[in-house]
Amino acid sequence: MQPQLLQIDGLRTWYPVKGGFWARTHGYVHAVDGVTLEVAPGETVGLVGESGCGKTTLGRTIIGLERPREGTIQLTGKPLDWQSEDGQALRRRVQMVFQDPYSSLNPRLTVVDAVTEGLLHHGLIRPAQRLDEASRLLGEVGLDPDALHRYPHEFSGGQRQRISIARALALHPELVICDEPVSALDVSVRAQVLNLLVDLRTRHGLAYLFISHDLAVVRHLAHRTLVMYMGQLVETGPTATVLNSPGHPYSQALLAAVPVPFGERARKLVLPGDVPSPVNPPLACRFHTRCPYVIDLCRQVVPPLEPFRSPDHCVACHRKQAIPTLPRPK
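Judged by side-chain polarity, Ile 295, Leu 297 and Val 301 come together as a nonpolar surface patch covering roughly 200 Å² of accessible area. The topology assignment puts Val 301 in the loop between helix H11 (296-300) and strand S11 (306-308). Under the relative-accessibility criterion, Val 301 is labelled partly exposed at 37%.

Now for the sheet that holds strand S4 (residues 70-75). Strand order in the open sheet made by the 4 strands is S2-S1-S4-S5, with antiparallel pairing throughout. In this open sheet, the two edge strands, each paired with only one partner strand, are strand S2 (24-39) and strand S5 (78-79). In the sheet, S4 pairs with S5 via 2 bridges, with the strands oriented antiparallel. Residue pairing across strands places Gln 74 opposite Pro 79, the latter belonging to S5. With respect to the sheet, helix H1 (residues 55-63) is in contact with strand S1 (6-19), S2 and S4, its orientation differing from that of S1 by roughly 110°.

On to the pattern of salt bridges, then. Scanning the entire structure with this criterion turns up 15 salt bridges. One salt bridge in this structure joins Asp 33 and Arg 286, with 2.3 Å as the shortest N-O distance. Taken together, the residues span a long stretch of sequence, with Asp 33 in strand S2 and Arg 286 in the loop between helix H10 (249-256) and H11 at a distance of 253 residues. By relative accessible area, Asp 33 is classed as buried at 5%.

Two elements in contact, helix H4 (residues 111-121) and helix H5 (residues 130-140), have axes whose closest approach is 9 Å; the angle formed by their N-to-C orientations is 105°. Between H4 and H5, the angle is such that the two are roughly perpendicular. In contact with Val 111, Val 112, Asp 113, Val 115, Thr 116, Glu 117, Leu 119 and Leu 120 of H4, H5 contributes Arg 130, Leu 131, Glu 133, Ala 134, Leu 137 and Leu 138. For the contact of H4 with H5, the residue count by class is 9 nonpolar, 1 polar and 4 charged.

Rules used in this analysis
- Residues numbered from 1 in each chain as written.
- Predicted model: local features only at pLDDT ≥ 70, side-chain atom pairs only at ≥ 80, totals over all residues.
- Heavy atoms only, no water.
- Patch = residues over 30% accessible without salt bridge, like charges linked within 9 Å, V, L, I, M, F, W, Y side chains within 5 Å.
- Areas by Shrake-Rupley, 256 points an atom, 1.4 Å probe, with all protein chains shown as cover.
- Salt bridge = Lys/Arg side-chain N within 4 Å of Asp/Glu carboxyl O.
- Helix = DSSP H or I, 4+ residues; strand = E, 2+ residues; numbered from the N terminus.
- Buried < 20%, exposed > 50% of the residue type's maximum accessible area, 1.4 Å probe, protein only.
- Pairing = 2+ DSSP bridges.
- Contact = heavy atoms within 4.5 Å.
- Axes fitted to C-alpha atoms, helices over the stretch in contact; angles between N-to-C directions.
- Parallel < 35°, antiparallel > 145°, perpendicular 65-115°, else oblique.
- Nonpolar A, V, L, I, M, F, W, Y, C, P; charged D, E, K, R; others polar.

Below is the structure:
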């Protein structure tokens with residue numbers, strides 16, 4: 001059996017909260033708290049959830065920009081420790097495309113320098129080969145070679161994101177973490193970049209961990225979808241199953257918040273209260289403070305993420321069997 005490309009088990013990334021004269025730690029922000037997931041070679045996994053739920057922190061932890069407190073990250077069965085010598089070799093196999101291409105590109109570097117910097121660092125090309133390799137990479141993402149000696153501020157948002165994608169492709173990765181890669185772009189440009197990502201996935205056999213708020217984009221791209229709430233996964237499964245017939249009330253609330261066409265009746269599922277503080281998350285089920293179906297068991301026992309309706313569709317909810325199906329717009 002072929003091993004999973006990415007395997008994460010019990011991952012926790014907490015940020016210390018410091019205060020007082022001595023700046024002592026008096027709490028932690030539970031940004032990612034016990035996440036377990038897998039990504040197969042060539043698979044696109046969508047990660048959705050409201051702002052602040054920990055999606056970006058999870059991606060940054062995988063790529064090594066944040067250090068986990070607990071848990072393991074493995075790439076094809078090998079521990080992904082960015083501080084070790086083996087971790088440096090594995091770094092080439094995982095790359096990231098950030099949300100804002102303007103801030104993720106160094107304004108002091110020309111395009112040729114930006115997209116070939118990693119190649120030179122890892123000794124994969126000689127300095128004399130920079131122009132040819134950069135020109136090839138720009139061709140991969142649909143940009144002309146005359147952009148090689150220009151700076152990021154001279155491009156539009158869509159062009160800058162294409163440059164970021166070219167930079168990520170330079171090291172021939174197997175997994176690309178896409179953190180809201182089209183949310184900062186105009187709608188017309190957004191479609192072009194999404195089609196480019198689909199084409200690159202087919203051409204290079206890439207796997208994506210696609211972080212997004214836009215459920216329509218996730219529906220278009222992802223094979224599987226993971227729903228995250230307050231640092232934990234509450235539902236996982238095939239995209240069609242999760243987005244058409246969600247089993248967790250939080251997943252239903254996300255879908256109910258999607259605008260429907262004019263003239264159709266909106267789906268009503270308003271969650272009471274506010275999102276709890278990630279410094280002091282609720283005990284047991286973290287969604288119980290806002291859940292319309294809460295019972296005493298939800299306040300006392302952590303619900304396991306277990307199969308629901310099919311072996312590949314998992315929901316973390318004690319009341320999943322009793323929750324009504326999400327109503328369709330009429």
